[in-house]
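Notes for the structure review
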Amino acid sequence: GGKPPMTRVDLRNERGNGTTITPNNGTDSNVLLHQVTVTNAAIGLQAQDGAVVNAVNSVFSNNARGVSTVSVSGGYVMVNLDGVYVTGNTNFGIAAGNNTSVRMSNVGVYGNGGGLKVTGNGLIVSFTNNRLGPDAGSTGLPSLSVGEK
């Protein structure tokens, strides 16, 4: 079920991940992150099996990885990013693992070790209004681009 939103949170210098969304007991979890900033963490935002995360007007910067989706036990994961900046992460800015999806609208991805990374049947879907820096490269483009409606 839905969880209370995380609003106006600034996480800095975290020893582990800044924000990890892992539903309990295999139940789906729908989480809103609004105006959340995570800097200097292992992973800015990680969503796992059964998580549906909506990150709005947030920043994930200067982490090892900005946004990551992981299906540990085969459960589906969906992350929606709107008005988000993913910058200066040493590994990839946004990574979608097997059996996961990331949808991007008004997202800036700049100055990361790699822009976008998709593993297996993971998807990164762009609504064509995003800004990808040169670090995205030819292998770092979205899996699919669709027009806004």
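Here, the structure is the one placed above.
Residues numbered from 1 in each chain as written. Predicted model: local features only at pLDDT ≥ 70, side-chain atom pairs only at ≥ 80, totals over all residues. Heavy atoms only, no water.

Applying the stated criterion across every chain, the model contains 1 salt bridge. Taking the shortest distance from any N to any O, the salt bridge between Arg12 and Asp10 comes out at 2.9 Å. Taking the relative accessible area as the measure of exposure, Asp10 reaches 42% and is therefore partly exposed. (Salt bridge = Lys/Arg side-chain N within 4 Å of Asp/Glu carboxyl O. Buried < 20%, exposed > 50% of the residue type's maximum accessible area, 1.4 Å probe, protein only.)

Strand order in the open sheet made by the 5 strands is S2-S4-S7-S10-S13, with parallel pairing throughout. Strands at the two margins of the open sheet, each flanked by one partner only, are strand S2 (19-21) and strand S13 (114-118). Taking each pair of neighbouring strands and ignoring which way they run, the sheet shows an average axis angle of 5°. As paired strands, strand S7 (residues 65-70) and strand S10 (residues 92-96) are joined by 3 bridges and run parallel to one another. Within S10, the position partnered with Thr69 by the bridge is Ala96. (Pairing = 2+ DSSP bridges. Helix = DSSP H or I, 4+ residues; strand = E, 2+ residues; numbered from the N terminus. Axes fitted to C-alpha atoms, helices over the stretch in contact; angles between N-to-C directions.)

Glancing now at the nonpolar core. One finds Leu81 and Ile94 to be the most contacted residues of the largest nonpolar core, which totals 27 residues. Broken down by secondary-structure element, the contributors of at least two residues to this core are strand S3 (29-39), strand S4 (43-48), strand S5 (51-56), strand S8 (77-82), S10 and strand S11 (100-105). Here the element with the most residues in this core is S3; it accounts for 4 residues. In contact with Leu81, not counting residues within four places along its chain, are Ala55, Val67, Ile94, Val102, Arg103, Met104, Ser105 and Val107. (Core = buried A, V, L, I, M, F, W, Y, C linked by side-chain atoms within 4.5 Å. Contact = heavy atoms within 4.5 Å.)

Bringing the environment of Gly97 into the picture now. Among the secondary structure elements, Gly97 is positioned in the loop between S10 and S11. Sequence-wise, Gly97 and Val52 are 45 residues apart; in three dimensions their C-alpha atoms are separated by 14 Å. Gly97 has contacts with Thr69, Thr119 and Gly122, leaving out every residue within four places of it along the chain.

Relative to strand S14 (residues 123-126), S11 is paired through 4 bridges, and the arrangement is parallel. Residue pairing across strands places Met104 opposite Ser126, the latter belonging to S14. In this sheet, strand S16 (residues 144-145) lies alongside S14 in parallel orientation, the contact comprising 2 bridges. From the neighbouring strand, Ser126 faces S16, where its bridge partner is Ser145.

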